[in-house]
Amino acid sequence: MRFLVIVFLLILAPMSIADPWRTDPITPMDERYMDNSRKELNDLARIELGRSFGEGRDSDLRLMQTLLDRKLVKGDQTALLQAMGIVLGDHLRKEHNLKWVIYIDRVGRSRALEVPFKDEAIFPVTQISSRAAVGADVDVKAIYERLESEIIRAKKKIIVR
């Protein structure tokens, strides 16, 4: 009987442990990668459309939408699509006082925005690329607004430790 109890507890133990995760500060290599991604996307916008990023949130969101609508960035161009997610995240970071971090869990390592004093992170980098990769319509402004509402919800959340 004791053997069965031990086996039962061993089977249930992994179910009772929450998936471990942690955040680490963004590394200099990540910063370089993100800077290079922004530059590559900006170079494409300047060459193809004669416009640049950095003119403000609404202008940047419209510019990303134009690049997608005109198929200047396609669903298989993951690096450029994720650069759009970085630009999206930069605006969310500035407007909501967030910080870029490295989010590490059992699946791997991701660049994310950490909501201060909350156990929450959002992942803007892949928001556009994951939709474009499967051929779905991408509404950049709607993605931004959804992420913004997630941030607002997270900031209202009360955490008891």
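Quick caveat, the model's predicted, so the values are computed rather than measured.

1. A word on the sheet that holds strand β4 (residues 121-122)
Strands in a sheet are paired, the pairing made by backbone hydrogen bonds, and the direction either parallel or antiparallel.
In step 1: Judged by pairing direction, the sheet is antiparallel, and its 4 strands sit side by side in the order β1-β2-β3-β4 without closing on themselves. Taken across any chain shown, the strands that pair with only one partner, and hence form the sheet edges, are β1 (22-25) and β4.
In step 2: Bridge count for β1 against strand β2 (residues 99-105) is 4 bridges, and the pairing is antiparallel. Its bridge partner being in β2, Arg22 is matched across the sheet by Ile104.
In step 3: Along the sheet, helix α2 (residues 28-49) contacts β2 and β3 (108-114); its crossing angle with β3, the most-contacted strand, is approximately 75°.
In step 4: Running at roughly 120° to β2, helix α4 (residues 78-96) makes contact with β2, β3 and β4 of the sheet.

2. A few points about the side chain of Thr66
In step 1: By secondary structure assignment, the location of Thr66 is in helix α3 (residues 57-69).
In step 2: Note on Thr66: relative accessible area 18%, which makes it buried.
In step 3: Sequence-distant contacts of Thr66, that is, excluding residues within four places in its chain, are made with Leu49 and Arg51.

3. Focus: unusual backbone geometry
In step 1: Phi angles above zero are rare outside glycine, and Lys71 is one such case at about 60°.
In step 2: Within the secondary structure layout, Lys71 lies in the loop between α3 and α4.
In step 3: Judged by its relative accessible area of 56%, Lys71 is exposed.
In step 4: Phi at Asn97 takes a positive value of approximately 55°, unusual for a residue other than glycine.
In step 5: Inspection of the secondary structure assignment puts Asn97 in the loop between α4 and β2.
In step 6: Using a relative accessible area of 60% as the deciding quantity, one classes Asn97 as exposed.

Each value, and the rule that gives it
- Residues numbered from 1 in each chain as written.
- Predicted model: local features only at pLDDT ≥ 70, side-chain atom pairs only at ≥ 80, totals over all residues.
- Heavy atoms only, no water.
- Pairing = 2+ DSSP bridges.
- Helix = DSSP H or I, 4+ residues; strand = E, 2+ residues; numbered from the N terminus.
- Contact = heavy atoms within 4.5 Å.
- Axes fitted to C-alpha atoms, helices over the stretch in contact; angles between N-to-C directions.
- Buried < 20%, exposed > 50% of the residue type's maximum accessible area, 1.4 Å probe, protein only.

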